[in-house]
Amino acid sequence: MQAIPTIYFPGLCAEAISFYRDVLHADVLFQLTAIPDSQPQFLAPGSPGKIIRAGLRIGESTVYFSEGHHPDQAPAFAGFSMNLHVDSADEAARILQALGEGGDVRVPLRPTAWADAFGAVIDRYGLHWMIETRHPQ
């Protein structure tokens, strides 16, 4: 069994895929787009051309992205955070800074009881991220 989250970016999915591909060095595994002759009972008006599902490989994890079922709504994220465990404080700093462009760094990178370096940011899409390195041994 594998749990794979789907993150909805109504109206911004292609832009978000490009952003995360560049910032996180993610690989786009696949991208499915609604086509005009898709089954209309399963598509909201204006869906053709929208991304139904895309798979991104971020490090060793897979995350799905989608325009969602209501492409006119703004992205809304609550009750969860995306956590990235990286190998070095330098990589954590790079990612925190890049995700913070157009967003809001909530916790600047610092050592904690559980990590050599930890930081938190809400990115330009409103998605909350926590970035950390390994705990000191």
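In this numbering scheme, every chain counts its residues from 1 along its sequence in written order. The predicted nature of this model means local features are confined to residues of pLDDT at least 70 and side-chain atom pairs, given and counted, to a pLDDT of 80 or more, with totals for whole chains, interfaces and linings taken over all residues. Side-chain measures were taken over the full set of non-hydrogen atoms in the model, leaving aside hydrogen atoms and water.

Taking an unreviewed UniProt entry as the reference, the protein is identified by name as VOC family protein belonging to Telluria mixta.

Bringing helix α1 (residues 13-24) into the picture now. With 12 residues, α1 should reach 16 Å at 1.5 Å per residue; the first-to-last C-alpha distance of 16 Å fits that figure. Relative accessibility thresholds used throughout: buried, under 20% of the residue-type maximum; exposed, over 50%; partly exposed, between the two (1.4 Å probe, protein chains only). Numbering goes from the N terminus for both helices and strands, where a helix is a DSSP run of H or I of at least four residues and a strand is a run of E of at least two. Among all positions of α1, only Cys13, Ala16, Ile17, Phe19, Tyr20, Val23 and Leu24 are buried. In a view along the axis of α1, the buried residues occupy a sector of 165°, so they form one face of it. Lining the buried residues of α1 we find β2 (27-33), β3 (51-58), β4 (61-66), β5 (82-85), α2 (89-100) and β8 (128-132). Remark: His25 follows α1 within two positions and exhibits a positive phi of approximately 55°. To estimate how far a helix should extend, the number of its residues minus one is multiplied by 1.5 Å. Taking the helix axis as origin, the arc is that swept by the directions to the C-beta atoms. By definition in these notes, contact holds between two residues if any of their heavy atoms fall within 4.5 Å.

With that settled, consider the layout of surface pockets. Only protein atoms enter the 1 Å grid used here. Points where a 1.4 Å probe fits but cannot escape make up a cavity, open sets with protein on both sides within 12 Å along at least five of seven lines make up a pocket, and a residue lines them when an atom lies within 4 Å of a point. Grid points are joined across faces, edges and corners, and a volume is the space filled by probe spheres set on the points. What the largest pocket holds in volume is close to 440 Å³. Elements supplying a minimum of two residues to the lining of the largest pocket: β4, β5 and α2. For the lining of the largest pocket, the element with the highest residue contribution is β5, accounting for 4 residues. Note on residue categories: nonpolar means Ala, Val, Leu, Ile, Met, Phe, Trp, Tyr, Cys or Pro, charged means Asp, Glu, Lys or Arg, and polar means any other residue, Gly included. Looking at the lining of the largest pocket residue by residue, the classes come out as 8 nonpolar, 5 polar and 4 charged.

Buried residues of nine kinds, namely Ala, Val, Leu, Ile, Met, Phe, Trp, Tyr and Cys, make up a nonpolar core once their side-chain atoms join them within 4.5 Å. By size, the foremost hydrophobic cluster in this structure holds 30 residues, and its most contacted members are Phe9, Tyr20, Phe65, Leu99, Trp129 and Ile131. Counting only elements with at least two residues in this core, the list comes to α1, β3, β4, β5, α2 and β8. No other element matches α1, which puts 7 residues into this core.

Below, the discussion takes up unusual backbone geometry. The backbone of His25 sits at a positive phi, close to 55°, despite the residue not being glycine. If you trace the backbone, His25 turns up in the loop between α1 and β2.

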